[in-house]
Amino acid sequence: PIHHMIEITTTEKWFSEYLGVDINQPISVKTWLTIPQQRMATLQAGRIYHDDLGIITAFRDKMRWYPHDIWLYLLVNQWKRIDQDAPFIGRSGSVGDALGSNLIAARLVWDLMQLGFLINKTYIPYHKWFGSAFELLPIAEKITPIFHEILESKTWQNREKHLNKACMFFAEEQNKLGITPFVIPEIKNFHNRPFNVINAEQFIEALQSQIKDPKIKALPSYLGSIDQICDNTDVLDDIEKCIKFRSLYT
């Protein structure tokens, strides 16, 4: 038997089952934060062949990108991830843990790429398309060679040096957005230890200072979105599991 992969449903049901939203109600902050970006990316990239009532097009346009203060909140938490791990390339490498230093470097490249998607207001896709989608961003040509330098470095010192180049690049890209007062990016010593990191905390503070919505300001400062909390495929590919994460934002 032939299976044409065609499913008959209603607009309301499809959005409810695929994104966990009620298109007849305002989208809550918790809802925005618990829809995996890969599903938002699919919503934006998928073709609409017929929409006589305009419902699908209108709702897709509504979800084109995060509301401004939610976007700032996600940028805050992405910088936090980078700030927390950046010193560990050197700290692990300096005690002879080359494998650990490499793993942390790879994780930081992943986090910086996610920051790149956020800065460029582009939803991240499913993991297997992550690198391909990043290459389509306008920043990719300049930053991708630096990522290769990080990942191919043979010593933690070189790894750290190229990581800081990448961090400086993204700091400058964020400054170009004009969404916060200008922050001078600088590489500094990590608490008087022999490791160098960017002044990420100043970018975090600058972003936090621009969040005006009381609902966003009241969110736990350490969470971010579901993509910043979890990278489990079975979770991100199941909207019912994602909805359960809404209880974290209380």
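Our subject is the structure listed above.
Remember, predicted model here, so these are calculated numbers, not experimental data.

**Q** What is the right way to look at the packing of aromatic side chains in this model?
**A** Aromatic ring pairs: the centre-centre distance and the angle between the two ring planes describe each pair. In the structure shown here, the tally under the stated rule is 15 aromatic pairs. Judged by centre distance (5.8 Å) and plane angle (50°), the rings of Phe 134 and Phe 147 are tilted. Here the residue Phe 134 occupies a position in helix 8 (residues 130–134), and Phe 147 occupies one in helix 9 (residues 140–152), the gap between them amounting to 13 residues. By the burial criterion, Phe 134 is buried, and Phe 147 matches it. Within the aromatic cluster, the residues linked to one another by ring pairs are Trp 110, Phe 117, Phe 130, Phe 134, Phe 147, Phe 169 and Phe 170. Sitting over the ring of Tyr 18, Arg 39 keeps its end group 4.4 Å from the ring centre. Over the face of the ring belonging to Trp 71 we find Lys 121, whose NZ or CZ atom lies 4.5 Å from the ring centre.

**Q** Mind showing me how you'd approach the packing of helix 5 (residues 68–85) against helix 10 (residues 156–177) here?
**A** Each pair of packed helices gets described by two things: the angle between the helix axes and the distance between those axes. In the contact formed by helix 5 and helix 10, the axes pass within 13 Å of each other and the chain directions differ by 165°. Put simply, helix 5 runs roughly antiparallel to helix 10. In the crossing of helix 5 with helix 10, the sense of the turn from one axis to the other is left-handed. Contacts between helix 5 and helix 10 involve Trp 71, Leu 75, Trp 79 and Ile 82 from the first element and Cys 167, Phe 170, Ala 171, Gln 174 and Leu 177 from the second. Of the residues in the contact of helix 5 with helix 10, the class split is eight nonpolar, one polar and no charged.

**Q** Please clarify how helix 7 (residues 98–119) should be interpreted in this entry.
**A** Each full turn of the α-helix corresponds to 3.6 residues, which orients residues three or four apart in the same direction. Relative to the 32 Å expected for 22 residues at 1.5 Å per residue, helix 7 spans 31 Å between its end C-alpha atoms, a close match to the ideal helical length. Positioned one or two residues after helix 7, Lys 121 has a phi angle of 50°, which is positive.

**Q** Would you mind going over unusual backbone geometry with me for this structure?
**A** For residues other than glycine, phi is negative in most cases, and the peptide bonds are mostly trans. The backbone phi angle of Met 5 is positive, close to 60°, even though this residue is not glycine. Relative to the helices and strands, Met 5 resides in the segment before helix 1 (11–19). With phi around 50°, Lys 121 is a residue other than glycine that occupies positive phi space. With respect to the helices, strands and loops of the structure, Lys 121 is situated in the loop between helix 7 and helix 8. The partly exposed category is assigned to Lys 121, whose relative accessible area is 45%.

**Q** What's the story with the packing of helix 7 against helix 10 in this structure? I'm lost.
**A** Orientation of helix 7 relative to helix 10, taken along the N-to-C sense of each, is 10°, at an axis distance of 11 Å. The orientation of helix 7 relative to helix 10 falls into the category roughly parallel. Of the residues in helix 10, those in contact with Ala 98, Ser 101, Asn 102, Ala 105, Leu 108, Leu 112, Leu 115, Gly 116 and Ile 119 of helix 7 are Trp 156, Arg 159, Leu 163, Ala 166, Cys 167, Phe 170, Glu 173, Gln 174 and Leu 177. The residue inventory of the contact of helix 7 with helix 10, partitioned by class, reads twelve nonpolar, four polar and two charged.

**Q** Would you explain the pairing of strand 1 (residues 187–190) in this entry?
**A** Pairing of strand 1 with strand 2 (residues 193–198) involves four bridges; the strand directions are antiparallel. When the sheet's bridge partners are listed, Ile 187 is paired in strand 2 with Ile 198. Hairpin connection from strand 1 to strand 2: two residues lie between these consecutive antiparallel strands, with His 191 at a positive phi of about 50°.

**Q** Would you explain the environment of Phe 147 in this entry?
**A** For Phe 147, a relative accessible area of 5% gives the class buried. Each C-alpha atom of the pair Phe 147 and Val 197 lies 16 Å from the other, and the pair is 50 residues apart in sequence.

Cut-offs used in this document
Residues numbered from 1 in each chain as written. Predicted model: local features only at pLDDT ≥ 70, side-chain atom pairs only at ≥ 80, totals over all residues. Heavy atoms only, no water. Phe/Tyr/Trp six-rings, centres within 6.5 Å; stacked < 30°, edge-to-face > 60°. Helix = DSSP H or I, 4+ residues; strand = E, 2+ residues; numbered from the N terminus. Buried < 20%, exposed > 50% of the residue type's maximum accessible area, 1.4 Å probe, protein only. Lys NZ or Arg CZ within 6 Å of the ring centre and 35° of its normal. Axes fitted to C-alpha atoms, helices over the stretch in contact; angles between N-to-C directions. Parallel < 35°, antiparallel > 145°, perpendicular 65-115°, else oblique. Left-handed = near helix turned anticlockwise from the far one by under 90°. Contact = heavy atoms within 4.5 Å. Nonpolar A, V, L, I, M, F, W, Y, C, P; charged D, E, K, R; others polar. Expected span 1.5 Å × (residues − 1). Pairing = 2+ DSSP bridges.

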